[in-house]
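# Geometric and topological summary
Here is how the chains run, residue by residue.
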Amino acid sequence: MRRSISISATAVCALMLLLTGCGTDALEANPNDRLLAMWAVDAAPVGSLAEADSALVSYVREGDGLALTAWDAASGEVLWSSPAAVGAVAPGIEITSTAIDTAAGGFTAYLAPMANSEWQRVVVADIRTGDAVDVETPPVWALSRPSLCEDGSSFCLRGYLDGTDAAQDIRIDPAEARYRARPAASGDRARPLGLFVHSTGERAPDGVEMLQYVENDGAVRWARTYEDVFGVGASSDGGWYWLDESARGVLVGVGSVVQPEARAVIREGGVGSIDLPTAFSTVGLDPGTGSTTWAIAGARFCPHMQVGSLRADARIIPLCAYIAGTETAWLDDSTQITSARDGVAVDMIGVEAETGDVVWRLSLDPQAFTDPQAGGFIATPEALVAPTPGGASIVAIETGERTTTRVEAVLACAAPRPPLDLIWINDGAREPWPFNAGEGLSSCDRHGRAAHGFSGLAARSGGLELDNGSWAMSVDDGIVVVSPSR
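Let me sum up the structure you'll find in this document. Quantities reported herein were computed from a predicted structural model and do not represent experimental measurements. (Residues numbered from 1 in each chain as written. Predicted model: local features only at pLDDT ≥ 70, side-chain atom pairs only at ≥ 80, totals over all residues. Heavy atoms only, no water.)

Looking now at the overall build of the protein. Helices and strands together make up the secondary structure of the protein, namely 4 helices and 37 strands. The contacts of the protein with a sequence gap of at least 6 include a subset with a gap of at least 24, amounting to 56%. When the accessible surface of the protein is summed, it comes to about 20700 Å², and 50% of that surface belongs to carbon and sulfur atoms. (Helix = DSSP H or I, 4+ residues; strand = E, 2+ residues; numbered from the N terminus. Contact = heavy atoms within 4.5 Å. Areas by Shrake-Rupley, 256 points an atom, 1.4 Å probe, with all protein chains shown as cover.)

Spelled out as structure tokens, the structure:
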């Protein structure tokens, strides 16, 4: 059974008591406890873990390429491993695994390379044996990698199927061993950004990128230019994140400005720079009309926050608001883009989703935001672990109430993994691109420095809960499963 990683309201209350020394038996949320390592394996994980039928799956680096590997969740034994492909998906989108439990067993899905071809095969496999389900999908030019459909009962992806002229929305039911495909609701070159939100593939100077709300039947409810929503120079090419509006009545999204001139300067060996308070913004849109209800310049979701685990009905949305700062970028000796920040000032804010009102504000330690590639504390759905001056603090999302962690606390930190250099088949030059390999988890103290072992809070913050009460974590150099010591 796959479970979201969250801390219940009761556990958060217990956590607050522990942090202030009042004492409680809430072992799971204790930052001062230590968990036992049940097993650990050496690997080079890419993206995050998924679990079904007592098996774990993750992409891993294999030589100069990519593979999907499965382990037995109880013992760590490798069950199987198979070469995988990234498809035609943009390199900035994290490569991450997927899995599902059904009445017929557990399954995973991935793209497999095809011999002497840049097209891919969609493989749906038994998660414990690796045996492929006989779905017989045609070769695909994948525009997205397989992931769980919104209803959680099948795998979905988008791409061109061999023999079709238009991009298809593809749905594969592993239990019934069949697939369905229909023309993509938002057009051939559209990019899905959220549950109903898409951006079109047009770009200046030949076209205008549009932001669209597309119904399940393919009807476009509304459309606006991307720049009208997020400002001049904004594009989904700069990254995005959208929350589901179903329980909030407002569409909350983050967009960024793309500066092709700065990128061109960097590629030519120069130094490019951006002003952080104007580089991105967060908006609240009316899902019925697309009109802007509120907008906050310089605000986005805080690094390492598990945005996807926020409660669907959360009234307060936590954001990091950049008050000042400049980011400069250049090519390093290995021709990879390196960046640094200067003069950074960041506040954590609690924003009322319906109105955009800032209901609480907390100044953060600027040193935590100076290096764009540095790690940071992993936040949880109801309580944030914030880098405040003097050490980490636990911040309640609804109220902004802050509690300082103890000296002996062990927290969870994450840092970006080195990118995976692979050929992007959409690039005619056929040169390696740095693909997003996600973040590696580690244990850390209240100052973000390496710590020994994992606490209950660290596991709950960054781990995947298993059916036997243990937690699986994708760390920098492998997979670790830990369990309470009593």
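Glancing now at the state of the cysteines. Counted by the stated rule, this structure contains 3 disulfides. With its sulfur 2.0 Å from that of its partner, Cys149 forms a disulfide with Cys156. Where Cys149 bonds to Cys156 through sulfur, the torsion about that S-S bond is close to 100°, and the disulfide is right-handed. Take Cys149: its relative accessible area is 6%, and that puts it in the buried class. Residue Cys156 is classed as partly exposed on the basis of its relative accessible area, which comes to 22%. Through a disulfide, Cys413 is tied to Cys444; the S-S separation comes to 2.1 Å. Between Cys413 and Cys444, the S-S torsion sits near 85°, and that sign places the bridge as right-handed. Of this pair, Cys413 sits in strand S31 (residues 411-416) while Cys444 sits in strand S34 (residues 439-444), and the two are 31 residues apart along the sequence. A residue is classified by how much of its surface remains accessible, and Cys444, at 1% relative accessible area, is buried. (Disulfide = S-S within 2.5 Å. Buried < 20%, exposed > 50% of the residue type's maximum accessible area, 1.4 Å probe, protein only.)

Below, the discussion takes up the side chain of Ser474. Here Ser474 is to be found in strand S36 (residues 471-475). At 2.6 Å, the side chain of Ser474 forms a polar contact with the side chain of Arg417. Not counting chain neighbours up to four residues away, the residues in contact with Ser474 comprise Pro45, Gly47, Leu49, Arg417, Gly440, Leu441 and Ile479. (Polar contact = N/O pair within 3.5 Å; in protein donor to acceptor, adjacent residues only side chain to side chain.)

Moving on, we come to the packing of aromatic side chains. Going through the model one piece at a time under the given rule, you end up with 10 aromatic pairs. Considering the side-chain rings of Tyr322 and Phe369, the 6.0 Å spacing of their centres and the 85° angle between planes classify their relative orientation as edge-to-face. Here Tyr322, found in strand S24 (residues 316-331), pairs with Phe369, found in the loop between strand S26 (358-363) and strand S27 (376-377); they are 47 residues apart in sequence, far enough to count as distant. We classify Tyr322 as buried; its relative accessible area is 3%. (Phe/Tyr/Trp six-rings, centres within 6.5 Å; stacked < 30°, edge-to-face > 60°.)

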